[in-house]
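Okay, here's what each chain looks like letter by letter:
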Amino acid sequence: MIQYTLSIEGMQCGMCESHINDAIRNAFPVKKVESSHKKKQTTILSEKELDESALRAVIDRTGYQVLSLSKAPFEKKGLFSSFRKSRRG
């Protein structure tokens, strides 16, 4: 899994968050997308790499501006994940 974190300018409310989330879901096969107008941030989880220029273009078409974009491997953390790791060592 890959986690994309985008800093987005222009979100003012929950409807703005929904607008961005829907645009991303309609354009890409993502597992999860969440936006926060307070943090000015959108987080996307995807099993495959996304075309970053296409991602920026999708958000630009909604009227918002991507200020920065970063990606990193994502490992789901369950309730007992830290317990299992400590027991292995």
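Heads up: these notes are all about the structure in this document.

Here helix α1 (residues 14-27) crosses helix α2 (residues 52-61) at 135°, and the two axes come no closer than 9 Å. When the axes of α1 and α2 are compared, the pair comes out oblique. Remark: the crossing between α1 and α2 carries right-handed chirality. In this structure, α1 uses Ala 23, Ile 24 and Ala 27 to contact α2, whose residues at the interface are Leu 55, Val 58 and Ile 59. Among the residues forming the contact of α1 with α2, the class breakdown is 6 nonpolar, no polar and no charged.

Counting residues in hydrophobic clusters, the biggest one holds 20 residues, and the most contacted among them are Leu 6, Ile 24, Ile 44, Leu 55 and Ile 59. Secondary structure elements with two or more residues in this core: β1 (2-9), α1, α2 and β4 (65-73). Ignoring anything within four residues of it in the chain, the contact list for Ile 44 reads Ile 2, Gln 3, Tyr 4, Leu 6, Ile 24, Val 30, Lys 32, Val 33, Leu 50 and Leu 55.

What counts and what doesn't
- Residues numbered from 1 in each chain as written.
- Predicted model: local features only at pLDDT ≥ 70, side-chain atom pairs only at ≥ 80, totals over all residues.
- Heavy atoms only, no water.
- Axes fitted to C-alpha atoms, helices over the stretch in contact; angles between N-to-C directions.
- Helix = DSSP H or I, 4+ residues; strand = E, 2+ residues; numbered from the N terminus.
- Parallel < 35°, antiparallel > 145°, perpendicular 65-115°, else oblique.
- Left-handed = near helix turned anticlockwise from the far one by under 90°.
- Contact = heavy atoms within 4.5 Å.
- Nonpolar A, V, L, I, M, F, W, Y, C, P; charged D, E, K, R; others polar.
- Core = buried A, V, L, I, M, F, W, Y, C linked by side-chain atoms within 4.5 Å.
- Buried < 20%, exposed > 50% of the residue type's maximum accessible area, 1.4 Å probe, protein only.

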